[in-house]
Amino acid sequence: IALPLGRVKDVRKEAASAAKGEVLELEELHGAALTLAALLEIEDLLSRRPDTPVLTDFAQEIAVEAQAVSTLARSFDATGQLSTKTYPQLAALRKQIDTMAGSVTTTMEG
């Protein structure tokens, strides 16, 4: 059985910050999303293995809400940025920022 253990990171600090209502940086949130997805996959893989009772018991200790993981996973694109597919308004905002940056550069150089 190949478990995605390499994708599991220690996100206790981020979880504690979020629990206190603190805002996570994009990288922190993306890392937590990847870890939660890996934990969900591990739980799924182990829970279906009758030949590994100790691991199956371990899998039952993993408590990750699939819906929350799915929502987080959809929030990011392949580069780890917030997804414009999930959040279409971001595309327009990013375009406005690029346009403004271009205007500032033109003004500074002119």
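Just above sits the structure.
Residues numbered from 1 in each chain as written. Predicted model: local features only at pLDDT ≥ 70, side-chain atom pairs only at ≥ 80, totals over all residues. Heavy atoms only, no water.

**Section: helix α2 (residues 26-47)**
Across its 22 residues, α2 extends 31 Å between first and last C-alpha, which sits within 8% of the 32 Å expected from 1.5 Å per residue. Along α2, the positions that sit buried rather than exposed are His30, Ala32, Ala33, Thr35, Ala38, Ile42 and Leu46. Buried residues in α2 make contact with α3 (53-60) and α4 (66-74). (Helix = DSSP H or I, 4+ residues; strand = E, 2+ residues; numbered from the N terminus. Expected span 1.5 Å × (residues − 1). Buried < 20%, exposed > 50% of the residue type's maximum accessible area, 1.4 Å probe, protein only. Contact = heavy atoms within 4.5 Å.)

**Here we look at the packing of α2 against α3**
α3 packs onto α2 with a crossing angle of 140° between their chain directions and a minimal axis gap of 8 Å. If you check the angle between α2 and α3, you find them oblique. Crossing hand, α2 versus α3: left-handed. Here Glu43, Leu46 and Ser47 of α2 lie close against α3, whose contacting residues are Leu55, Thr56, Phe58 and Ala59. Here the residues of the contact of α2 with α3 are counted per class, giving four nonpolar, two polar and one charged. (Axes fitted to C-alpha atoms, helices over the stretch in contact; angles between N-to-C directions. Parallel < 35°, antiparallel > 145°, perpendicular 65-115°, else oblique. Left-handed = near helix turned anticlockwise from the far one by under 90°. Nonpolar A, V, L, I, M, F, W, Y, C, P; charged D, E, K, R; others polar.)

Functional significance is not addressed by these values, which are geometric in nature.
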